[in-house]
Amino acid sequence: MTENLGNVLPVYVVADESLSMSPVVGELNAGLAALHRALLREPMAAAKVRFTILGFSDDVQVRLSLADLRTEEALPTLTTRGGTRYSAAFEALTDQLPRDIDALKASGYAVYRPAVFFLTDGQPNDEPEWRTPYGTLTDREITRAAPNIIACGIGEAQARTIVDIATRPEFAFVATPGTELGLAIAEFSVALTKSIVASARAAADGKTELVVERPNNFVMAIDVV
Amino acid sequence: MSDLTESLAPPHAARSPLVIGTPVVSFEPRAPRSRTYRPDTVVDGWSTGRLAVRGGSVRGYQHRHDGTPRQDDFAIAAHEGTGAVVVAVADGVSEAELSHVGATLACRTAVDQLLRWLDEEGGAGQPDWADVLRCASWALVEFAKAQPGGDTDTDTDNGTEAERAERLLATTLVAAVVLPGEDGTATVTSARAGDSTAWLLTGPDWAELFGGPAGELLDPAVHALPRLPAEIAGVPAVLPAGGVLLVGTDGVGGPVGEGRGPVGAALAAGLESPPSPLDLGYLLDFSRETFDDDRTLVAVWPLREADPG
């Protein structure tokens, strides 16, 4: 990195547009609009995010690509169509993510690990076939840009599937009936976006040790806080 | 709160921040949520006659916006017997609730330990860096023990307390000892835990003391005290006449990159000779979109003996 133009976080909203989503597609669109508004209230986070929306059913359609939401008037509207092929979504991401990251880096940006917000009712038609392309996408040995996947269950969501899709247990989110879905998605997404770019402790590994013994030379400095 | 803060003009708008590229949006910072007093900005500076030192630590724009305290800190000291200057810089890990306290504890403990080493050894050889970092870690453990909320049944279990210190106080640390040499040069020894770093800046050229290739992706996960790398070695360097040692956090290192962009150029120009401490604070507080982390930088210049600094 000779000159770092900025630190950017590619965010992918991957929305289930299958017909089973019909009862909740209105809420889903409201959720996207709420997410847009919520992000604009967080100017530091908004400046870092490059936003892509993929709608999937039997295939994947790009609704928005690496957009700066601060300059978007409104987000595209999702519609419902066809079946629910998770494989299509995960294959598209495996193809798209490395290319997007290379493009951002070629433009001079430093790039955070991408975040995928996967919005679905958790009822795929291609169970269990989707688990193979999912494994390819999330294995950092195979896909260096393997994303953090945040799974949001909507409608009559199958919680088990949602948990399986999320790359960490705390990244699984199922909207409870009666909550305002759009707002819930927006708040959850913005909080996660901020936490993804905040510094965290690296996982313990064999190359580090926790100091658990008082060193012989230790003296409490007298002027400490 | 947002209505009030956003309706106010930026503070003391007579002097706007230094803008490099696209600025961060303008807003009135929120009060930091911290039970201990934590100023937004700290600057310091003095000279020993052989070395001039300036330090600055500014709260990042994201933390100002969120009402989070500045999690970076630094400490500097002069050692009378040897003429050495001791520097420590730390970056508290956001995930740890009291990491701003951890950063302060780590810096002050490291400086204290290094001054003791100078007392005892007069600056000959290298400090026992592993021991210095271990002591800084232990300060976190001791502090964590005194905090409410610990499990009283296991208060005597150091392993549990160390884990609690890690959750509450985790922080990076980079420390350095600078000894003045002949003809306006100086020798440096430095060590670190985590991603805070040090550079030798000569004219416009930035040379990082701690190597290692940049990762493919930005990784916010850091190894931090009280967890130590299994192998710790001091990195020696010679600071040439006209050069400056810089010790800083990734809030500076990120926008500087390899130093060939506008941030590297602005800092190099501003640090060609020791600025006033307030000017260093102003320089560090530059506004550049997406660079909103806390920023801390300590600079040490060797002076020729006749130079009053």
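Our structure's up above, just so we're on the same page.
What counts, and where the lines are drawn
- Along each chain, residue indices are assigned from 1 in the same order as the chain's sequence is written.
- Each chain takes a letter, starting from A, and each ligand takes a number, starting from 1, following the order in which they are written.
- Reporting in this predicted model follows two pLDDT cut-offs: at least 70 for local features of residues, and 80 or more for side-chain atom pairs to be given and counted; totals over whole chains, interfaces and linings ignore these cut-offs and use all residues.
- Hydrogens and waters are ignored; side-chain quantities use all the structure's heavy atoms.
- Runs of E in the DSSP output that reach at least two residues are strands. Runs of H or I that reach at least four are helices, and both are numbered from the N terminus.
- We call two residues in contact whenever any of their non-hydrogen atoms come within 4.5 Å of each other.
- Counted as salt bridges are all cases of a side-chain nitrogen of Lys or Arg within 4 Å of a carboxyl oxygen of Asp or Glu.
- Here a polar contact is recorded for every N or O atom pair within 3.5 Å, except that within protein the pair must consist of a potential hydrogen donor and a potential acceptor, and residues adjacent in sequence are included only if both atoms are side-chain atoms.
- Throughout, the ten residues Ala, Val, Leu, Ile, Met, Phe, Trp, Tyr, Cys and Pro are labelled nonpolar, Asp, Glu, Lys and Arg are labelled charged, and all others, Gly among them, are labelled polar.
- Strands were regarded as paired on the criterion that DSSP finds at least two bridges between them.
- Every axis corresponds to a line fitted to the C-alpha atoms, with the helix fit spanning only the stretch in contact, and the corresponding angles, defined between N-to-C directions, vary from 0 to 180 degrees.
- Only protein chains enter the calculation, and the probe is 1.4 Å; a residue is then buried if its accessible area is under 20% of its type maximum, exposed if over 50%, and partly exposed in between.
- When we speak of the arc, we mean the arc of directions from the helix axis to the C-beta atoms.
- The criterion for an aromatic pair is that two Phe, Tyr or Trp rings (for Trp, the six-membered ring) have centres within 6.5 Å, with stacked assigned to planes under 30 degrees apart, edge-to-face to planes over 60 apart and tilted to the rest.
- Cavity: a set of points on a 1 Å grid over the protein atoms alone where a 1.4 Å probe fits but cannot get out. Pocket: an open set with protein on both sides within 12 Å along at least five of seven lines, its lining residues, like those of a cavity, having an atom within 4 Å of a point.
- Grid points are joined across faces, edges and corners, and a volume is the space filled by probe spheres set on the points.
- Each angle is binned into one of four classes, with values under 35 degrees roughly parallel, values over 145 roughly antiparallel, values of 65 to 115 roughly perpendicular, and all other values oblique.
- It is the rotation of the near helix from the far one that decides the hand of a crossing: anticlockwise by less than a right angle makes it left-handed, clockwise makes it right-handed.

J.: Honestly, the environment of Val111(A) in this entry has me stumped. Any pointers?
T.: Relative to the helices and strands, Val111(A) resides in strand S4 (residues 109-111). Here Val111(A) is in contact with Val8(A), Pro10(A), Ile101(A), Leu104(A), Lys105(A), Leu217(B) and Leu218(B), once residues within four sequence places are set aside.

J.: I tried to follow the interface of chain A and chain B on my own but got confused; where do I start?
T.: Accessible area lost during the coming together of the parts is what is often quoted as the interface size. The interface of chain A with chain B comprises 51 residues on the first partner and 60 residues on the second. If you look at where chain A meets chain B, you find 5 salt bridges. Counting the contacts that link chain A with chain B gives 12 residue pairs in polar contact (both at pLDDT 80 or more). For the side of chain A that touches chain B, the elements supplying multiple residues, two or more each, are strand S1 (6-16), helix H2 (43-48), helix H3 (86-106), S4, helix H6 (181-197), strand S8 (200-201) and strand S9 (208-210) of chain A. In terms of residue count, the dominant contributor to the side of chain A that touches chain B is H2(A) (5 residues). Partitioning the side of chain A that touches chain B into residue classes produces 28 nonpolar, 7 polar and 16 charged. Where S9(A) lies against strand S10 (residues 227-229) of chain B, 3 bridges are found, and the strand directions are antiparallel. Following the sheet pairing, Leu210(A) is matched in S10(B) by Arg227(B).

J.: Help me out: how do you make sense of the sheet that holds strand S11 (residues 235-239) of chain B in this one?
T.: Strand pairs in the sheet, formed through backbone hydrogen bonds, run parallel or antiparallel to each other. Residue and element names in this part refer to chain B. Overall, antiparallel pairing links the 5 strands, which are arranged S3-S4-S5-S6-S11 in an open sheet. Both outer strands of the open sheet, strand S3 (72-79) and S11, are each paired with one neighbouring strand and no more. Pairs of neighbouring strands in the sheet enclose a mean axial angle of 15°, with direction left out of account. Here 5 bridges tie strand S6 (residues 186-193) to S11, and the two strands are oriented antiparallel to one another. Within S11, the residue paired with Thr-189 across the bridge is Pro-236. Seen against the sheet, helix H3 (residues 99-121) touches S3, strand S4 (84-91) and strand S5 (173-180) and runs at an angle of roughly 15° to S3.

J.: Would you take a moment to explain the sheet that holds strand S12 (residues 243-248) of chain B for this structure?
T.: Residues and elements named next belong to chain B. With antiparallel pairing, 6 strands are arranged side by side in an open sheet as S1-S2-S13-S12-S7-S8. Looking along the sheet, the strands with just one partner apiece sit at the ends: strand S1 (41-47) and strand S8 (205-208). The mean angle between the axes of side-by-side strands here comes to 15°, regardless of whether they run parallel or antiparallel. Summarising the sheet, strand S2 (residues 51-58) and strand S13 (residues 295-302) pair through 8 bridges and their orientation is antiparallel. By the bridge assignment for S13, Ser-57 is matched with Thr-296. Along the sheet, helix H8 (residues 277-284) makes contact with S1, S2 and S13, crossing S2 at roughly 45°.

J.: Just to check I follow, could you spell out H8(B) for this structure?
T.: Every α-helix carries 3.6 residues per turn, so stepping three or four residues along brings you back to the same face. Residue and element names in this part refer to chain B. When we look at burial in H8, the residues that qualify are Leu-280, Gly-281, Leu-283 and Leu-284. For H8, the angular spread of the buried residues around the axis is 160°, confining them to a single face. In this fold, the buried residues of H8 make contact with S1, S2, helix H6 (250-256), helix H7 (262-270) and S13.

J.: Looking at this model, I keep getting lost on the packing of aromatic side chains. Mind explaining?
T.: Note on aromatic pairs: each is described by the distance of the centres and the angle between the planes. All names here are of chain A. Scanning the entire structure with this criterion turns up 10 aromatic pairs over all chains. With 5.1 Å between their ring centres and 90° between their planes, Tyr-86 and Phe-118 make a pair best called edge-to-face. Taken together, the residues Tyr-86 in helix H3 and Phe-118 in strand S5 (residues 115-120) connect sequence positions 32 residues apart. The exposure class assigned to Tyr-86 is buried, which follows from its relative accessible area of 0%. Judged by relative accessible area, which is 0%, Phe-118 ranks as buried. Both rings, one in Phe-90 and one in Phe-118, keep their centres 5.1 Å apart while their planes meet at 15°; by these two values the pair is stacked. With Phe-90 in helix H3 and Phe-118 in strand S5, this pair connects stretches of sequence that are 28 residues apart. The buried category is assigned to Phe-90, whose relative accessible area is 0%.

J.: Sorry, what's going on with empty space enclosed by the protein here?
T.: Residue and element names in this part refer to chain A. Scanning the entire structure with this criterion turns up 3 cavities of 30 Å³ or more. Reported here for the largest cavity is a volume of approximately 50 Å³. Lining the largest cavity are Val-11, Leu-35, Leu-39, Phe-51, Phe-117, Ser-189, Val-190 and Thr-193. For the lining of the largest cavity, the elements supplying multiple residues, two or more each, are helix H1 (25-40) and H6. Residue contributions to the lining of the largest cavity peak at 3 residues, all from H6.

J.: Can you help me understand the environment of Ala207(B) in this one?
T.: Residues and elements named next belong to chain B. Assignment of secondary structure puts Ala-207 in strand S8. Judged by its relative accessible area of 39%, Ala-207 is partly exposed. On a C-alpha basis, the gap between Ala-207 and Glu-258 in space is 8.0 Å, while along the polypeptide they are 51 residues apart. Every residue in contact with Ala-207, bar those within four places of it in the chain, is listed here: Ala-198, Trp-199 and Leu-200.

J.: Looking at this structure, how should I read unusual backbone geometry?
T.: For residues other than glycine, phi is negative in most cases, and the peptide bonds are mostly trans. Of note, the bond from Glu127(A) into Pro128(A) is cis; its omega dihedral lies within 30 degrees of zero at 0°. Note on placement: Pro128(A) falls in the loop between S5 and helix H4 (131-138). Of note, the amide linkage connecting Leu225(B) to Pro226(B) takes the cis form, showing an omega dihedral of 10°. Secondary-structure assignment places Pro226(B) in the loop between strand S9 (221-222) and S10.

J.: What am I meant to see in the side chain of Ser57(A) here?
T.: All names here are of chain A. You can see Ser-57 is positioned in the loop between strand S2 (49-56) and strand S3 (60-67). The exposure class assigned to Ser-57 is buried, which follows from its relative accessible area of 2%. Here Ser-57 is in contact with Glu-17, Ser-18, Arg-81, Gly-82, Gly-83, Thr-84 and Arg-85, once residues within four sequence places are set aside.

J.: I tried to follow the packing of H3(B) against helix H4 (residues 129-145) of chain B on my own but got confused; where do I start?
T.: To describe two helices that pack against each other, one gives the angle between their axes and the distance between the axes. Residues and elements named next belong to chain B. The interhelical angle for the contact between H3 and H4, taken along N-to-C directions, is 140°, at an axis separation of 8 Å. Here H3 is positioned oblique relative to H4, judged by the angle of their axes. Once H3 is placed against H4, the crossing between them reads as right-handed. For the pair H3 and H4, contact is made by Val-101, Gly-102, Leu-105, Ala-106, Thr-109, Ala-110, Gln-113 and Leu-114 and by Trp-129, Val-132, Cys-135, Ala-136, Ala-139, Leu-140 and Phe-143, respectively.

J.: How should I be thinking about the packing of H1(A) against H6(A) in this particular structure?
T.: Residue and element names in this part refer to chain A. Interhelical geometry of H1 versus H6 gives an angle of 40° and a closest axis separation of 7 Å. The angle between H1 and H6 falls in the class oblique. The crossing of H1 and H6 is right-handed. Taken together, the residues of H6 that come into contact with H1 (itself represented by Glu-27, Leu-28, Ala-30, Gly-31, Ala-34, Leu-35, Ala-38 and Leu-39) are Leu-181, Gly-182, Leu-183, Ile-185, Ala-186, Ser-189 and Val-190. Here the contact of H1 with H6 is composed, by residue class, of 11 nonpolar, 3 polar and 1 charged.

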